[in-house]
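Architecture and fold: a report
If you want the building blocks of each chain, they are given just below.
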Amino acid sequence: MSITAAAAVGHDELAVLKLLALEGGLEGDVKISCSHLADRLDASNQTASRRLQRLESEGLLERDTVSDGQWVAITDDGEQTLHGEYEDYRRIFETDSEIELDGTVTSGMGEGRHYISLSGYMRQFEDRLGYEPFPGTLNVDLREDSVRRRSAITSLEPVPIDGWEDDERTYGPAVCHRATIETATGERYEDAHIIAPERTHHDEDQLEVIAPEKLREELGLEDDDHVTVYVGDRR
Ligand SMILES: Cc1cc2nc3c(=O)[nH]c(=O)nc-3n(C[C@H](O)[C@H](O)[C@H](O)COP(=O)(O)O)c2cc1C
Ligand SMILES: Nc1ccn([C@@H]2O[C@H](COP(=O)(O)OP(=O)(O)O)[C@@H](O)[C@H]2O)c(=O)n1
Ligand SMILES: [Mg+2]
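It should be emphasised that the depicted structure is a prediction, and the values quoted were computed from it without experimental measurement.

**Some remarks on the nonpolar core**
- Among the nonpolar cores identified, the biggest contains 22 residues, and I181, I194, V209, L215 and V231 are the most heavily contacted of them.
- Elements supplying a minimum of two residues to this core: β4 (99-106), β5 (138-142), β9 (174-183), β10 (188-197), β11 (206-210) and β12 (226-231).
- Once residues within four sequence positions are removed from consideration, I194 is found in contact with I153, V175, C176, H177, A179, L207, E208, V209, V229 and V231.
- Grouped together as the second largest cluster of nonpolar side chains are 21 residues, L19, L37, L60 and L82 included.

**Things to note about the site of ligand 1**
- Surveying the vicinity of ligand 1 reveals 20 residues, the closest of which are M109, E111, G112, G172 and H202.
- Note that a nitrogen atom of ligand 1 is positioned 3.2 Å from one of the side-chain N or O atoms of Y121.
- One nitrogen or oxygen atom from the main chain of G172 is found 2.8 Å from an oxygen atom belonging to ligand 1.
- Contact with the protein chains covers 95% of the free accessible surface of ligand 1, which is 620 Å².
- Those elements giving two or more residues to the shell around ligand 1 turn out to be α5 (112-117) and β10.
- Looking at the shell around ligand 1 element by element, the count peaks at three residues for α5.

**Focus: the sheet that holds strand β2 (residues 61-66)**
- Taken together, three strands build an open sheet; the order of strands is β1-β3-β2 and the sheet is antiparallel. In this open sheet, the two edge strands, each paired with only one partner strand, are β1 (30-32) and β2. On average, each strand axis in the sheet is inclined to that of its neighbour by 30°, with strand direction left out of account.
- With three bridges joining them, β1 and strand β3 (residues 69-74) adopt antiparallel strand pairing.

**Some points on the packing of helix α2 (residues 34-41) against helix α3 (residues 45-57)**
- Contact pair α2 / α3: the axes reach a minimum separation of 8 Å and the direction vectors enclose 100°. Here α2 lies roughly perpendicular to α3, going by the angle between them. Counted together, C34, S35, L37, A38 and L41 of α2 and N45, A48, S49, R51 and L52 of α3 form the full contact between these two elements.

**A word on a negative patch on the surface**
- Together, E27, D29, E62, D64, D76, D77 and E79 line one region of the surface with negative charge.
- Taken together, the elements giving at least two residues each to the negative patch come down to β2 and α4 (76-93).
- Among the elements that line the negative patch, the one with the most residues is α4, at three residues.
- Mapping D64 onto the fold places it in strand β2.

**Overview of the site of ligand 2**
- Near ligand 2 you find 16 residues, and of these G108, G110, R113, L215 and R216 are the closest.
- At a separation of 2.6 Å, an oxygen atom of ligand 2 approaches a polar backbone atom of G110.
- Sorting the residues of the shell around ligand 2 by element identifies α5, β5 and α8 (215-218) as the ones contributing at least two each.
- Residues belonging to the shell around ligand 2 are distributed by class as follows: five nonpolar, seven polar and four charged.

**Some words on the packing of aromatic side chains**
- Under the defined criterion, the tally for this structure stands at five aromatic pairs.
- Note on Y121 and W164: the rings are 5.4 Å apart at their centroids and 85° apart in plane angle, and the pair reads as edge-to-face. Residue Y121 is found in helix α6 (residues 119-129), and its partner W164 is found in strand β7 (residues 164-165); the two are separated by 43 residues along the sequence. Of the two residues, Y121 and W164, neither departs from the other in class, the shared state being buried.
- Measuring from centroid to centroid gives 4.1 Å for W164 and Y171, while their planes differ by 10°, and the two rings are stacked.
- Here the aromatic cluster, defined as three or more aromatic residues joined through ring pairs, consists of Y115, Y121, F125, W164 and Y171.
- For the cation-ring pair, R169 lies above Y171, with the distance from its terminal atom to the ring centre recorded as 4.1 Å.

**Here we look at the UniProt feature "binding site: FMN" (unreviewed entry) in the chain**
- Per the UniProt entry, the sites bearing "binding site: FMN" (unreviewed entry) are T200 and E208 in this numbering.
- Mapping T200 onto the fold places it in the loop between β10 and β11.
- Looking at T200, the relative accessible area reads 38%, which means it is partly exposed.
- Here the side chain of T200 touches H202 through a polar contact of 3.0 Å, landing on its backbone nitrogen.
- Its place among the elements puts E208 in strand β11.
- If sequence neighbours within four positions are ignored, E208 has contacts with T137, L138, N139, H193, I194, I195, P197, T200 and H202.
- In terms of polar contacts, E208 uses its side chain to reach the side chain of T137, at 2.6 Å.

Each value, and the rule that gives it
Residues numbered from 1 in each chain as written. Chains lettered and ligands numbered in written order. Predicted model: local features only at pLDDT ≥ 70, side-chain atom pairs only at ≥ 80, totals over all residues. Heavy atoms only, no water. Core = buried A, V, L, I, M, F, W, Y, C linked by side-chain atoms within 4.5 Å. Buried < 20%, exposed > 50% of the residue type's maximum accessible area, 1.4 Å probe, protein only. Helix = DSSP H or I, 4+ residues; strand = E, 2+ residues; numbered from the N terminus. Contact = heavy atoms within 4.5 Å. Near = heavy atom within 4 Å. Polar contact = N/O pair within 3.5 Å; in protein donor to acceptor, adjacent residues only side chain to side chain. Areas by Shrake-Rupley, 256 points an atom, 1.4 Å probe, with all protein chains shown as cover. Pairing = 2+ DSSP bridges. Axes fitted to C-alpha atoms, helices over the stretch in contact; angles between N-to-C directions. Parallel < 35°, antiparallel > 145°, perpendicular 65-115°, else oblique. Patch = residues over 30% accessible without salt bridge, like charges linked within 9 Å, V, L, I, M, F, W, Y side chains within 5 Å. Salt bridge = Lys/Arg side-chain N within 4 Å of Asp/Glu carboxyl O. Lys, Arg positive; Asp, Glu negative; His and termini not counted. Charge placed at Lys NZ, Arg CZ, Asp CG, Glu CD. Nonpolar A, V, L, I, M, F, W, Y, C, P; charged D, E, K, R; others polar. Phe/Tyr/Trp six-rings, centres within 6.5 Å; stacked < 30°, edge-to-face > 60°. Lys NZ or Arg CZ within 6 Å of the ring centre and 35° of its normal. UniProt positions renumbered as here; feature names shortened; annotations may be inferred.

What follows is the structure in structure tokens.
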């Protein structure tokens, strides 16, 4: 996202936008003179002025020129652009604590419900996850880049769910990781986990999510809806 933003206005302009935000440009109008800006940027007045113009014409800030300078406010688009940069830095510095995966909600084979309900698993969920999951797994069809990013999960400490057996058969182990689910409209559900059963009919492109509640209901999700799954602890 931020790479697209940089293509639209360039890194020099982004640096100005960041500077304005540091001076309070997100909270409302800030008064600024081109010479002050030029000073901070170690550039000429013309350069500073040109960058402001560019940001304005791209709709990232609004300006009101007065005799001794100008009032500047960062627009919603401007804030979003900065936020994209922030997300990039978060990814750079917090890779080992959180992994962001994108995909769409999909229906599976209706087996998740059966396995989650089995007492041999349920006991462990209550013990190790701290809740009794809704019977089922919300399946997420991962986007191609997220399938690749998924492998980074192995660097996170998992909550192990042990295999077990009854009179008839054995049941395979699984690993869980804390996860937050976010919908396209920004609604979040924080107390979920992804679960990866060792024995499964799905490939790496399917992510299964469990939670104390039915996520389709809590988040108003239907098949093909976009979701972002943040895996790992940010705390
Ligand atoms: C906790 C748990 C344990 C599982 N254990 C087994 C297993 O022992 N053998 C097996 O064939 N599948 C096992 N599965 C995988 C399911 O068969 C299925 O592949 C997966 O959960 C997807 O189901 P869904 O498409 O209905 O969502 C397990 C699934 C879960 C959630
Ligand atoms: N925490 C959960 C778990 C499952 N589900 C949904 O509950 C239903 C039963 O889960 P399942 O794993 O047996 O079914 P499928 O994923 O195979 O469709 C599915 O529609 C899941 O998407 C949910 O909304 N929230
Ligand atoms: Mg499922």
